[in-house]
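One-letter residues, chain by chain:
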Amino acid sequence: MANSQGVLHNFNAGPSILPKEVFQEASQAILDFKGSGLSILEIGHRTSLFQPVMDEARALLKELMGLDDDHEPLFLHGGASTQFMQVPMNLLNENELACYTETGTWSTKAIKEARLFGHVEIAGSSASSHFTSMPSQLNVPATAAYLHITTNETIAGTQWQQIPFDCGVPLVADMSSDILSREMDFNRFSLIYAGAQKNLGAAGVNIVVVDKNMLGKVERKIPTILDYRNHIKEGSMLNTPPVFAIYVVMLNLRWLKAQGGVKEMQRRSEAKSKLLYDTLDSLPIFNPVVEKACRSKMNVVFTITDPVLENEFNTRCMEERMIGVKGHRSVGGFRVSLYNALPLQSVEALTELMKEFAKIKG
Ligand SMILES: *Cc1c(COP(=O)(O)O)cnc(C)c1O
């Protein structure tokens, strides 16, 4: 969003940029929801005011992802981190094996939780390259209950370019940071989850798309609120859903559809990331750390070899009102996030600044 001081470029990694229209409509709904004289924050979720929001969010997600009737979209609490445990709790028996790819911070966290519920094997790891690449080969025994991947590692700045659909077992994916940014056959996944605050909406809601045929196979007792089947039965209203966060997701999905859907998001994402990587590659002062074939189109990670210059570049970004370019506290350097709502103009402004900086300092 821009304020009175002029244009602001928001490269935050999450929570992150959303379209201005979404913020405007969402603020209106807080003051007076659909002309009811009531705020969206003070109405029941099982009302004729809110139910249509849930219905539309669900229908838009189905449409934009092209989901078949076996794949059920759910709106749940707890962020993607809750799914790290809810997935194995619902899909993995204690004596069974699940395969995980180890590609960065987020998949590592998912692996830790899965180990609480059954056997876990690492099907492929890029730990030896400090997560600057992706595993080139996967080892997935046919007996595995599922293979879990993290389609985009938000902190490492890597992304699966080719989804391992042919792994021979059901595929589960954490898509928190690249959902709806590129076209793919979402029906080929057995389960998809994503925290909304990166590319879908406001923090507080979690999207889960689950193939119903995967459920009901584990022997353990699952607490009511953690059993996907109960959420399916109750249309994501088993208890009070995060109403406002769901409303923001719905508005954002409407926006996305009006812009031309996932196909258009992919076109924009390719243009934005190409401009940024081409610029980084052409200026020796910057070092894009990720192996070319594994580069993320959502989170672009780079360093400047001289730490003094790193500070100076960071200061220049702040002076130019470019927000959120500092790398994650665990890896340092820079990280620029190019989520769906980020306009190409912001990347143009950043690359111009990079060229100017390299000319003076290079
Ligand atoms: C941010 C992120 C998470 C964690 O999301 P929360 O909603 O904060 O739990 C998990 N996975 C990926 C890939 C992420 O980018």
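A. Expanded view of the pairing of strand β3 (residues 97–102). Extensive coverage of β3 is indicated by the burial of six of its six residues. Taken together, the six bridges between β3 and strand β4 (residues 119–125) define a ladder with parallel strand orientation. Across the sheet, Ala98 pairs through a bridge with Val120, a residue of β4. The handedness of the β3 to β4 crossover, carried by helix α4 (residues 105–114), is right-handed. Bridge count for β3 against strand β5 (residues 147–150) is two bridges, and the pairing is parallel. Each residue of the ladder has a partner; that of Cys99, found in β5, is Leu147.

B. Structural detail: the packing of aromatic side chains. This model, assessed by the stated rule, comprises ten aromatic pairs. Relative to Phe357, the ring of Phe313 has its centre 5.1 Å away and its plane inclined at 65 degrees; by these criteria the two rings are edge-to-face. With Phe313 in helix α8 (residues 307–319) and Phe357 in helix α9 (residues 344–361), this residue pair connects regions lying 44 residues apart in the sequence. Comparing Phe313 with Phe357, the two get one shared label, buried. Taken together, the ring pairs connect Phe286, Phe302, Phe313, Phe334 and Phe357 into an aromatic cluster. Across from the ring centre of Trp106, 5.4 Å away, lies the NZ or CZ of Lys198, which sits over that ring.

C. Expanded view of the domain arrangement of the protein chain. The domain boundaries assigned to the protein chain delineate domain 1 (23–259) and domain 2 (261–361). Here domain 1 and domain 2 have C-alpha centroids that lie 27 Å from each other. In this complex, domain 1 contributes 25 residues to the contact, which on the side of domain 2 involves 27 residues. When the two sides are added together, the surface that domain 1 and domain 2 hide from each other amounts to roughly 2,200 Å², 54% of it contributed by carbon and sulfur. Three residues, Ile155, Glu183 and Gln259, lead the burial of domain 1 against domain 2; their summed loss comes to 23% of the area buried on that side.

D. Structural context of the sheet that holds strand β2 (residues 71–76). Sheet architecture is open: seven strands sit in the order β2-β10-β9-β8-β5-β3-β4, paired in mixed fashion. One side of each edge strand has no neighbouring strand; the edge strands of this open sheet are β2 and β4. Adjacent strand axes in the sheet meet at a mean angle of 20 degrees when their direction is disregarded. Here three bridges tie strand β8 (residues 171–174) to strand β9 (residues 191–195), and the two strands are oriented parallel to one another. The residue of β9 that forms the bridge with Ala173 is Ile192. Packing against the sheet, helix α2 (residues 51–65) makes contact with β2, β9 and β10 (206–211), and its axis sits at approximately 135 degrees to β2. Against the sheet, α4 makes contact with β3, β4, β5, β8 and β9, and its axis sits at roughly 160 degrees relative to β3, the strand it touches most.

Definitions and limits used
- Residues numbered from 1 in each chain as written.
- Predicted model: local features only at pLDDT ≥ 70, side-chain atom pairs only at ≥ 80, totals over all residues.
- Heavy atoms only, no water.
- Buried < 20%, exposed > 50% of the residue type's maximum accessible area, 1.4 Å probe, protein only.
- Helix = DSSP H or I, 4+ residues; strand = E, 2+ residues; numbered from the N terminus.
- Pairing = 2+ DSSP bridges.
- Right-handed = clockwise from strand over helix to strand, strands pointing away.
- Phe/Tyr/Trp six-rings, centres within 6.5 Å; stacked < 30°, edge-to-face > 60°.
- Lys NZ or Arg CZ within 6 Å of the ring centre and 35° of its normal.
- Domains from an automatic or database assignment.
- Contact = heavy atoms within 4.5 Å.
- Buried area = accessible area lost by both parts, 1.4 Å probe.
- Axes fitted to C-alpha atoms, helices over the stretch in contact; angles between N-to-C directions.

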